[in-house]
Amino acid sequence: VPETITPSTFAEAAAALGGAAASPRPVRFSGSGTKLGWGGSPPRQALRIQTAGLARKVEHNAGDLSATFEAGASLSWIQSELAASGQMLALDPPIGADDRSPTLGGIFATADSGPLRHRYGAPRDLVLGMTIALSDGTIARTGGKVMKNVAGYDLARLLTGSFGTLGLILSVSVRLHPLLAGTVTALGASNDPGVLRDCVVRISREPLDLESLDIAWRGGQGGILARVGGLDAAERAERVIAIMLACGLRATEVRANDEPLWARQRTGQRSTDRAVVQVSARPSELDQVLRIAESCEGTVVGRGGLGISYVTVNVNRVVPLRSGLPQGSSAIVLDLPVSARGAVDPWAAQEDGPELALMRAVKHRFDPAGVCNPGIFVGGI
Amino acid sequence: VKVAQSRARRPIEDTRRMQTDAGADPTRCELIERIRLICGEHHVITDHAALETYRSDGLLQYRQTPLVAVLPGAASEVQAVVRACHQAGVPFVARGAGTGLAGGALPVADGVLIVLTRMRRILSVDLDNAEVVVEPGVPNSAVSRAVAPTHFYPPDPSSQVVSTIGGNVAANAGGAHCLKYGVTTDYVTGLDVVLADGTLVELRRGAPGYDLLGPFVGSEGTLGIAVAIYLRVRPVPESVALLMAFFESPAAAGDAVTAIVGAGILPAAIELMDRDATTAGEQAIRAGFRTDAGAALLIELDGSARQCEAQLEHAGRICGQQHALEVRLAGNAAERELLWRLRKAALPALGRIASTYYVGDSVIPRTRLGDVLRRIEQISADQGLRVVTVLHAGDGNLHPHVFYDPGVPGESDKAKTVAGEIAKTCVEAGGSITGEHGVGVDKVKYMSLMFSEADLDAFERLRGAFDPDGLANPGKVMPAA
């Protein structure tokens, strides 16, 4: 059992981090622990700083559609707090294997997201500001809590997705949206990746204001799911169906009680016994992604309109999957079975180019002691 | 842009100093020669009179003459010029169309000004992937033109006809429609950046590693120069509707904005004009708008035809409940055009009333609009200077225009006091000193209102990682080291 500190104030958290850096001793940050297997091999003998004691609501300004929560607050609790005002944080990443809700800090540290990303964006698109602890023991704020702000550098976006390698996220200010209401989902199926690709591209080119536009693929069969909300949801869903039919999809329908469909899409992003590879390609390359996934006996869920696919394959298929992807796309391994960790580089071999050199310089400036989650990020950062 | 041209005949702050004679400095002489070889003689300006154009950006109160201005024609030329600067240890400043309102493109004395307006090619348009790739000198409005009629590029700063995408990226430009559609950073999916030592890096959204696009957008030229910019575009909404509502006071209009957004309506834009702005606009276009109201709201809604219609009716009803004096709905394109003309004519018309003013850019939480507008009236009365406010009310971004006469002794100082007090009021209300114009050189002095030493130190870490020698646009965003 690793030595764990559970600070209950920002100052305690910063002091613990600063103390570890002075030793120096590596530190791992954890929230509810749903994604601790992500990234490269964690350091041994690391001190664990756990954010469970930093889980308060700092403020919720319903009239401004903004809120600030501490990093350890769980997403499910945050959503229930906001729902009381008819609002939500438009992030719906999958929950952990044993139904644990991810924390706000963990979601932002890993930039994890779900089907709502289509309309509302990724964590980096919803962040207004952040408070962070750095390894020299200081606490810094960046951004603010207002919708528009260009004062100073946007460190909140830098920290988002940095896997805790630059410092510890203490609190996050986010923009909020009205709760989804009256959504329906248009569905269609095809076993031809080219047909699915054409259909996704055609739907994306129309101003349909979709909440989500997902794809799914399993065992040679694929489908498209388009979620529509708001006043004339049913009419717009019919327009989606018309496009699906024109593209040659079959088994089309509009489903009213659509939440179970989306829960399944989210669940498809996680696995305990296989590798989950997050692929970023162009939406127009969807057919290529589906074909290589199929040849690797993979299943796919993803954001069709954004070109993001979560491909679940056996560990020994990660390498062929990667090598068969369209040029210019990226493939990051998220989940890996415990037995396979260390055997696969989740970031793929990064070319030692100027981009990586710049990232190393950023890491060095923010964490000169090199104690924040060392070794788990791109290029061994 | 018209704003900028009508402003400030006399600088309130002149950062001029004695020019170093390049002829007496072999390093600088050699640098100019190298730059001539890289870009061609025609594209290198050293003549003092010819450099006059480049002494200020849109904030005319600050002026500085660079050692040399150079207009590279390609990314490779930018890279070579920056590398030459780095080898000579000479600072450089990037400039687009020069419409910035914070002095972000103010030249550095003895430095190189890299003017990117020759790089105005649209490199690719890919509507299947909703992506456009442009050079930095492409004007903002050219992007929407390139993807019309099916798509558009949402960020729309009022300078959009001339202001460049490179400048928009540097400032993280917004505009009237960012309430619904977001700002520049939400649309940049990739950048090719020349770092301060001349290295070219390719930053892409979705690539493994740190999100360096995030901090680069809005970094005001202090982290490097973007030489290719990848932008996301969106399908044009099916229909657009517009209403204008007049209120007793700006505070009452502010309350109506809160009520509309609180009802779950997300307009594409909500613009608020105070009485002076409305009057100036009406005098310019003479379209019969009332000028007796304390404030006017211009609300634009878009979406499917049915959504538009329903939301327009709903928003109009809320304005009525919030005691609007009058609500005008624009039924057709001509009426919509007329309502926008009132808003767009207001600022240039104000320039006719008094030629010299300073434009603020603070942001407040939307719900504090009423309080803050009342406080601004008080500050204006205390200092005896006229302040006219237009604001992107939906996201709480205020543009107070502080009028002053530089010919009256002490008045430019008073203007600075008023601007400073307004910035302070907005920060105290939980807001920001700048929403879309940037810090530049102008608001460096307000940074400590918002940020502690530790916060500023964190910013320095980022800047140091990108530009350890401090050559890229020194003195902007942060106090010079």
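Note that this is a predicted model, so its numbers are computed, not measured.

1. Observations regarding the sheet that holds strand β5 (residues 122-126) of chain B
Whenever strands of a sheet pair, they do so through backbone hydrogen bonds, lying parallel or antiparallel.
Residues and elements named next belong to chain B.
Part 1: Spatially, the five strands line up as an open sheet ordered β5-β6-β10-β8-β9, and their pairing is antiparallel. Two strands in the sheet have a free side with no partner beyond their single neighbour: β5 and β9 (200-204). For this sheet, the mean inter-axis angle between neighbouring strands, taken without regard to orientation, is 10 degrees.
Part 2: Pairing of strand β8 (residues 188-194) with β9, which is carried by five bridges, proceeds in the antiparallel orientation. When the sheet's bridge partners are listed, D192 is paired in β9 with E202.
Part 3: Along the sheet, helix α4 (residues 75-88) contacts β8, β9 and β10 (225-232); its crossing angle with β10, the most-contacted strand, is approximately 145 degrees.

2. Here's the deal with the pairing of strand β13 (residues 221-228) of chain A
Residue and element names in this part refer to chain A.
Part 1: In terms of residue burial, β13 counts as a mostly covered element, since seven of its eight residues are buried.
Part 2: As paired strands, strand β11 (residues 184-190) and β13 are joined by seven bridges and run antiparallel to one another. By the bridge assignment for β13, G188 is matched with I224.
Part 3: Pairing between strand β12 (residues 212-218) and β13: seven bridges, direction antiparallel. The partner of A216 across the bridge, within β13, is G223.
Part 4: Following β12, the chain reverses through two residues before pairing antiparallel with β13; G219 in that reversal takes a positive phi of roughly 55 degrees.

3. Examining the interface of chain A and chain B
Part 1: With 68 residues of chain A at the contact, the number on the chain B side is 79 residues.
Part 2: For the pairing of chain A and chain B, the buried interface totals around 6000 Å² over both sides, and the portion due to carbon and sulfur atoms is 56%.
Part 3: On the chain A side of the contact with chain B, K148, V150 and Y153 of chain A bury the most area, a combined 16% of that side's loss.
Part 4: Taken together, chain A and chain B are joined by eleven salt bridges.
Part 5: Among the salt bridges present, the one from R239 of chain A reaches E238 of chain B, with a minimum N-O distance of 2.7 Å.
Part 6: The tally of links between chain A and chain B comes to 26 residue pairs in polar contact (both at pLDDT 80 or more).
Part 7: Elements that contribute at least two residues to the side of chain A that touches chain B include exactly α5 (123-126), β8 (139-143), α6 (155-159), α7 (193-204), α8 (233-247), β18 (330-333) and α12 (354-366) of chain A.

4. Side note on the confidence of the model for chain B
Residue and element names in this part refer to chain B.
Part 1: Summary statistics for chain B give a mean pLDDT of 91 and a share of 94% for residues scoring 70 or more.
Part 2: Confidence drops under pLDDT 50 across residues 1-21; counting only partners more than four residues distant or on other chains, this segment forms 57 contacts.
Part 3: Here the predicted complex carries an ipTM of 0.97, next to a pTM of 0.95.

5. Section: the pairing of strand β18 (residues 397-403) of chain B
Residues and elements named next belong to chain B.
Part 1: Of all the seven residues making up β18, seven are buried; the element is thus mostly covered by neighbouring parts of the structure.
Part 2: The alternating pattern of β18 places N397, H399, H401 and F403 and L398, P400 and V402 on opposite faces, both of which are buried.
Part 3: Bridging between strand β16 (residues 357-359) and β18 involves three bridges; their strand directions are antiparallel. From the neighbouring strand, Y358 faces β18, where its bridge partner is V402.
Part 4: Taking the residues that link successive antiparallel strands as the turn, the strand β17 (residues 387-392)-β18 hairpin has four residues, and the phi of G396 there is positive, at about 70 degrees.

6. What about helix α2 (residues 26-39) of chain B?
All names here are of chain B.
Part 1: Taking 1.5 Å of rise per residue, 14 residues should cover 20 Å, and α2 covers 20 Å from first to last C-alpha, within 8% of that figure.
Part 2: Listed as buried for α2 are R28, L31, I32, I35 and C39. In a view along the axis of α2, the buried residues occupy a sector of 100 degrees, so they form one face of it. Within α2, the exposed residues directed more than 90 degrees away from the buried face are P26, E30 and L37.
Part 3: Where α2 is buried, its residues contact β1 (44-45), β2 (68-70), α4 and β4 (112-115).
Part 4: The N-capping residue of α2, defined by a side-chain oxygen 3.0 Å from the backbone nitrogen of T27, is D25.
Part 5: Once α2 ends, the next one or two residues include G40, with phi positive near 90 degrees.

7. Focus on the environment of V372 of chain B
All names here are of chain B.
Part 1: Turning to its location among the elements, V372 is positioned in helix α13 (residues 369-383).
Part 2: Taking C-alpha positions, V372 is 45 Å from C85, a pair spaced 287 residues apart along the chain.
Part 3: Leaving out residues up to four positions away in the same chain, V372 has contacts with I364, L398, T425, C426 and A429.

8. Overview of the packing of α13 of chain B against helix α14 (residues 411-428) of chain B
The packing of two helices is summarised by the inter-axis angle and the distance between the axes.
All names here are of chain B.
Part 1: Running from amino to carboxyl end, α13 crosses α14 at an angle of 160 degrees, the nearest separation of the two axes being 10 Å. With respect to each other, α13 and α14 are oriented roughly antiparallel. Note on packing geometry: the crossing formed by α13 with α14 is right-handed. Here V372, R375, I376, I379 and Q383 of α13 lie close against α14, whose contacting residues are K414, T417, V418, E421, I422, T425 and C426.
Part 2: For the contact of α13 with α14, the class distribution of residues is six nonpolar, three polar and three charged.

9. Quick look at the pattern of salt bridges
Side chains carrying opposite charge are able to pair once their charged atoms draw close together.
Residue and element names in this part refer to chain B.
Part 1: Overall, the coordinates contain 49 salt bridges over all chains when judged by the stated rule.
Part 2: Measuring nitrogen to oxygen at the nearest pair gives 2.6 Å for the salt bridge that ties E135 to R121. Pair noted here: E135 is in the loop between β6 (131-134) and α5 (140-147) and R121 is in the loop between β4 and β5, with a separation of 14 residues, a long-range link.
Part 3: Owing to a relative accessible area of 3%, E135 belongs among the buried residues under this scheme.

10. Side note on the sheet that holds β18 of chain B
Residues and elements named next belong to chain B.
Part 1: Taken in spatial order, the seven strands make up an open sheet running β15-β12-β14-β13-β17-β18-β16, and their pairing is antiparallel. Among the strands making up the open sheet, the edge pair consists of β15 (326-330) and β16. Neighbour to neighbour, the strand axes of the sheet diverge by 15 degrees on average, direction disregarded.
Part 2: Relative to β18, α14 is tilted by about 165 degrees, and along the sheet it contacts β16, β17 and β18.

11. Looking at the packing of aromatic side chains
Part 1: Throughout the structure, instances matching the rule amount to ten aromatic pairs over all chains.
Part 2: Among the aromatic residues, those joined into a cluster by ring pairs are F163, W347 and F377 of chain A together with Y210 of chain B.
Part 3: Its guanidinium or amino end placed over the ring of W38 of chain A, K35 of chain A lies 6.0 Å from that ring's centre, counting from NZ or CZ.

12. Here we look at the nonpolar core
Part 1: Ranked by size, the top nonpolar core spans 145 residues in total, and within it F108 of chain A together with L191 of chain B carry the most contacts.
Part 2: Counting 44 residues, the second largest nonpolar core, distinct from the first, contains L213, I224, L336 and V344 of chain A.

13. With respect to helix α2 (residues 75-83) of chain A
All names here are of chain A.
Part 1: Buried within α2 we find L75, I78 and L82. For α2, the arc enclosing every buried residue in end-on projection is 60 degrees, short of the 170-degree limit, so these residues lie on one face.
Part 2: Of the surrounding secondary structure, the elements contacted by the buried residues of α2 are β4 (57-61), β5 (66-70), β6 (87-88) and α3 (104-110).

How each quantity is defined
Residues numbered from 1 in each chain as written. Chains lettered and ligands numbered in written order. Predicted model: local features only at pLDDT ≥ 70, side-chain atom pairs only at ≥ 80, totals over all residues. Heavy atoms only, no water. Pairing = 2+ DSSP bridges. Helix = DSSP H or I, 4+ residues; strand = E, 2+ residues; numbered from the N terminus. Axes fitted to C-alpha atoms, helices over the stretch in contact; angles between N-to-C directions. Contact = heavy atoms within 4.5 Å. Buried < 20%, exposed > 50% of the residue type's maximum accessible area, 1.4 Å probe, protein only. Buried area = accessible area lost by both parts, 1.4 Å probe. Salt bridge = Lys/Arg side-chain N within 4 Å of Asp/Glu carboxyl O. Polar contact = N/O pair within 3.5 Å; in protein donor to acceptor, adjacent residues only side chain to side chain. pLDDT = per-residue confidence, 0-100. Expected span 1.5 Å × (residues − 1). Arc of directions from axis to C-beta. Parallel < 35°, antiparallel > 145°, perpendicular 65-115°, else oblique. Left-handed = near helix turned anticlockwise from the far one by under 90°. Nonpolar A, V, L, I, M, F, W, Y, C, P; charged D, E, K, R; others polar. Phe/Tyr/Trp six-rings, centres within 6.5 Å; stacked < 30°, edge-to-face > 60°. Lys NZ or Arg CZ within 6 Å of the ring centre and 35° of its normal. Core = buried A, V, L, I, M, F, W, Y, C linked by side-chain atoms within 4.5 Å.

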